[in-house]
Amino acid sequence: MKLSVILLFASALFAGDGPRLVFSKSFPASVPAYIEVRLDKDGNGEYREATDDDQPLTFQLSAADTQQVFDLAAKLDFFKRALESGLKVAFMGEKTFRYENGEQKGEVKFNYSEDPAARDLLDWFERMSESEQHRINLERAAKYDKLGVFKALSLLESAMYRKRLVALDQYLPMLDRIAKNETYMHTARARAAELAEAIRSPKP
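Counting restarts for each chain: residues are numbered from 1 in the order of the written sequence. Per-residue local features of the predicted model are confined to residues with pLDDT of at least 70, and side-chain atom pairs are confined, for both listing and counting, to 80 or more; whole-chain, interface and lining totals are unaffected and use all residues. Only hydrogens and water are set aside; all other atoms, that is, all heavy atoms of the structure, feed into the side-chain values.

The way it works is a 1 Å grid over only the protein atoms, where trapped points that fit a 1.4 Å probe form a cavity and open points with protein on both sides within 12 Å along at least five of seven lines form a pocket, and then any residue with an atom within 4 Å of a point lines it. Grid points are joined across faces, edges and corners, and a volume is the space filled by probe spheres set on the points. In this structure, the largest pocket encloses a volume near 410 Å³. Numbering of helices and strands starts at the N terminus; helices are DSSP runs of H or I of at least 4 residues and strands are runs of E of at least 2. Elements represented by at least two residues in the lining of the largest pocket include exactly helix H4 (149-161) and helix H6 (186-200). As a working rule, the residues Ala, Val, Leu, Ile, Met, Phe, Trp, Tyr, Cys and Pro are called nonpolar, Asp, Glu, Lys and Arg charged, and the rest polar, with Gly in that last group. Split into classes, the residues belonging to the lining of the largest pocket amount to seven nonpolar, one polar and three charged.

Structural data, given as structure tokens:
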């Protein structure tokens, strides 16, 4: 019952007419072959790996980060103009930016763009996607592959220090559970505790 209420509430957050950005990338040669990120003006984010996924991962982007993302969309006229470079480059997946705000809509598709704002916005959405993929990887290892938890944590740590992650608080519940659970290897528990501390008390 509680889960149903949570899912209904999450759906309601994205069912309104407030400003929303949607990014998707379709690239059959990659894993995953499809990703989609939705972000509203309050920083509520959703991540999907299938168009019919009705239970997406959710995350909360900070107000400052959300503002940066929407500012970039504004620089791109909320996707009312073409972004494709026209250069002969390798296919790197069909990317779509979409803006929704009631009856106001804008959408643009591209493979490669030289527009600085488009490239910066793409990087934001790619970091959101990578963040959720690391979360999926860690949660899967914690549940099904306890010996693989340390590797998942190491990959998470590497991404964090390369500044490829957003909404770091989303990892804390899982990190805390691993750190306190003696069924995991000591090295994994110690690494989880260190990462949780680094998130809670970031160095300037």
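How far a helix is expected to stretch is found by multiplying one less than its residue total by 1.5 Å. Across its 13 residues, H4 extends 18 Å between first and last C-alpha, which sits within 8% of the 18 Å expected from 1.5 Å per residue. When checking whether two residues touch, look at their non-hydrogen atoms; a contact exists if any pair is within 4.5 Å. As for H4, its buried residues are in contact with helix H3 (116-144), helix H5 (172-180) and H6. Looking one or two places after H4, you find lysine 163, whose phi comes out positive at around 60°.

We define a salt bridge as a contact between a side-chain nitrogen of Lys or Arg and a carboxyl oxygen of Asp or Glu at a distance within 4 Å. This structure, assessed with the given rule, holds 17 salt bridges. A salt bridge links glutamate 130 to arginine 164, with the nearest nitrogen and oxygen atoms 2.9 Å apart. Remark: arginine 164 occurs in the loop between H4 and H5 and glutamate 130 occurs in helix H3; sequence separation between them is 34 residues. By relative accessible area, which is 24% here, glutamate 130 ends up partly exposed. By sharing partners, the salt bridges in this structure join Arg20, Arg98, Glu100, Glu107 and Lys109 into a single network. Buried residues are those whose accessible area, probed at 1.4 Å on protein chains only, stays under 20% of the maximum for their type, while exposed residues exceed 50% and partly exposed ones sit between those limits.

Interhelical geometry of H3 versus H5 gives an angle of 30° and a closest axis separation of 11 Å. One finds that H3 runs roughly parallel with respect to H5. For the crossing formed where H3 meets H5, the hand is left-handed. Here H3 contributes Leu138, Glu139 and Ala142 to the contact with H5, which in turn contributes Met174, Leu175 and Ile178. Residues of the contact of H3 with H5, tallied by class, amount to five nonpolar, no polar and one charged. The axes used here are C-alpha line fits, helices contributing only the stretch in contact, and every angle between their N-to-C directions lies in the interval 0 to 180 degrees. Orientation categories follow fixed angle ranges, with anything under 35 degrees roughly parallel, anything over 145 roughly antiparallel, 65 to 115 roughly perpendicular, and all other angles oblique. When the near helix sits turned anticlockwise from the far one by under a right angle, the crossing is termed left-handed; a clockwise turn instead gives a right-handed crossing.

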